[in-house]
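Spelled out from the first residue to the last, the chains are:
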Amino acid sequence: MWQDILNIHSDCIEDFINFDKLPGQADSFIAIAGLSYLQTEYQIGKTGKGEVCLGNENSNRHVHYLISTHAGEGKVKFGNNEYLVKPGSVLLLPAGTPFLYELSGKYWDMCWLLLHDCSEYKFVHQLQPSVYSSANAEKLYQTMSLIREFKHGESMYQSDIVLRLVEVLIYQIAQTLNMGQQLTKHQQKFHSLIRRVNKQLQLPWTVKQLAAEMHMSEPHFFRLCKKEMGMTPIKLLTHTRLEYACYLLRYTQYNLDQIADTVGYGDSASFAHRFKKDYGLSPGRWRKEQKNTFQHSVI
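Residues numbered from 1 in each chain as written. Predicted model: local features only at pLDDT ≥ 70, side-chain atom pairs only at ≥ 80, totals over all residues. Heavy atoms only, no water.

## Observations regarding the overall build of the protein chain
- Along its length, the protein chain carries 10 helices and nine strands.
- Expressed as a percentage of its 299 residues, the buried residues of the protein chain come to 44%.
- Taking the intrachain contacts of the protein chain between residues at least 6 apart in sequence as the baseline, contacts between residues at least 24 apart amount to 70%. (Helix = DSSP H or I, 4+ residues; strand = E, 2+ residues; numbered from the N terminus. Buried < 20%, exposed > 50% of the residue type's maximum accessible area, 1.4 Å probe, protein only. Contact = heavy atoms within 4.5 Å.)

Put into structure tokens, the structure is as follows:
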């Protein structure tokens, strides 16, 4: 089994993208990402026991590796197999996979994303480490290139442009993982329902209603949700509502009544109570601190 290997020649050029410094919710899904032009020597090996992100020695975590090749080529080893990673192909390494990937040939121009092992990507554990051709390989690279370009811009529309690009990237990741084709019809139906809930958080969803949508009993739906998302239906609803509330607090001028209504709480008081219980701060205080942090990072 490979130990941690990190051989990167000084000729290699790497641009890191830290999504918690950008507008949008990508940092909930992406630990860190970047674009790399690799030459001379490049070799990364991991045991699969975890990844240290952003230089924080105390943040060893499991992440899924997703790599898209734009030009040149690399090669990867996992298990007893070795594969070439050519232009237009995607390399997927689910969290916990021991691997070794390296430069093959003169250069390798690619983008890479370390995806959080979060509830939304729990299904990735059902996938096998693989290298496969995908029409989304080039799309991922181009979107990442645009994010890199615009995050350093000074346009008055910079934040809005980056926000839209981040949303496109999250969509492209889901498409690239080919989630729908990898799951059973039963699982596809469940995840389709969850996506519908996410788009209609203002509705008064109940476990009984969700179970009925799946034509199953509440205990059966409870177990399915725990298996697919890693949390109970009620916890999932609360988590999703509060995450979107954070987005609205940080990137819109909605008042608390509008946000409460948008994410499915009856009034601002009940929303504020729930928010403070989970985040330790009132929504107004949290909004102020986030905006101060974002403005400081931009400066």
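## Here's the deal with empty space enclosed by the protein
- For the coordinates displayed, the defined rule picks out two cavities of 30 Å³ or more.
- Volume-wise, the second largest cavity comes out at about 60 Å³.
- Residue lining of the second largest cavity: Ile 194, Val 197, Asn 198, Leu 210, Phe 221, Cys 225, Pro 233, Leu 236, Leu 237 and Thr 240, and that is the complete set.
- Here the lining of the second largest cavity takes four residues from helix 7 (residues 233-251), the largest share from any one element.
- Here the residues of the lining of the second largest cavity are counted per class, giving eight nonpolar, two polar and no charged. (1 Å grid on protein atoms, 1.4 Å probe; cavity = no way out; pocket = protein on both sides within 12 Å on 5 of 7 lines; lining within 4 Å. Points joined across faces, edges and corners; volume = space filled by probe spheres on them. Nonpolar A, V, L, I, M, F, W, Y, C, P; charged D, E, K, R; others polar.)

## Remarks on the pairing of strand 3 (residues 30-39)
- In terms of burial, strand 3 is a largely internal element, eight of the 10 residues being buried.
- As paired strands, strand 3 and strand 8 (residues 99-116) are joined by nine bridges and run antiparallel to one another. Its bridge partner being in strand 8, Leu 38 is matched across the sheet by Trp 108. (Pairing = 2+ DSSP bridges.)

## Brief notes about the confidence of the model for the protein chain
- Of the residues in the protein chain, 89% have a pLDDT of 70 or more, and the chain-wide mean is 86.
- When mean pLDDT is taken per element in the protein chain, helix 5 (residues 207-213) scores highest with 96 and helix 3 (residues 179-182) scores lowest with 58. (pLDDT = per-residue confidence, 0-100.)

## As for the pairing of strand 8
- Burial analysis of strand 8 places 15 of its 18 residues in the buried class, the great majority of the element.
- With four bridges connecting them, strand 4 (residues 42-46) and strand 8 associate as antiparallel partners. Residue pairing across strands places Gly 45 opposite Leu 100, the latter belonging to strand 8.
- Pairing geometry for strand 5 (residues 63-78) and strand 8, over 13 bridges, is antiparallel. Paired with Ile 67 across the strands is Trp 112, a residue of strand 8.

## Here we look at the nonpolar core
- Phe 19, Ile 30 and Ile 173 are the most contacted members of the largest nonpolar core, which totals 32 residues.
- Secondary structure elements with two or more residues in this core: strand 3, strand 7 (89-93), strand 8, helix 1 (136-150) and helix 2 (158-176).
- Ranked by the residues each element gives to this core, the list is headed by helix 2, at six residues.
- In contact with Ile 30, not counting residues within four places along its chain, are Phe 19, Leu 113, Leu 114, Leu 115, His 116, Leu 169, Ile 170 and Ile 173.
- Counting residues in each nonpolar core, the second largest holds 21 residues, with Ile 32, Val 76, Leu 91 and Tyr 101 among its members. (Core = buried A, V, L, I, M, F, W, Y, C linked by side-chain atoms within 4.5 Å.)

## Concerning the layout of surface pockets
- Considered as a void within the structure, the largest pocket measures approximately 1400 Å³ in volume.
- Lining the largest pocket are 36 residues, and of these Phe 29, Ile 170, Arg 195, Asn 198 and Lys 199 lie nearest its centre.
- Going through the elements one at a time, helix 2, helix 3, helix 4 (185-199) and helix 7 are the ones with two or more residues in the lining of the largest pocket.
- Top element by residues in the lining of the largest pocket is helix 2. It accounts for seven residues.

## A closer look at the packing of aromatic side chains
- If you walk through the whole model with that rule in mind, you get 16 aromatic pairs.
- Measuring from ring centre to ring centre gives 5.5 Å for Phe 99 and Tyr 101, while their planes differ by 10°; the resulting arrangement is stacked.
- Here Tyr 101 falls in the buried class, since its relative accessible area comes to 4%.
- Ring centres of Tyr 279 and Trp 286 lie 6.3 Å apart, and the angle between their planes is 65°; this geometry places the pair in the edge-to-face category. (Phe/Tyr/Trp six-rings, centres within 6.5 Å; stacked < 30°, edge-to-face > 60°.)

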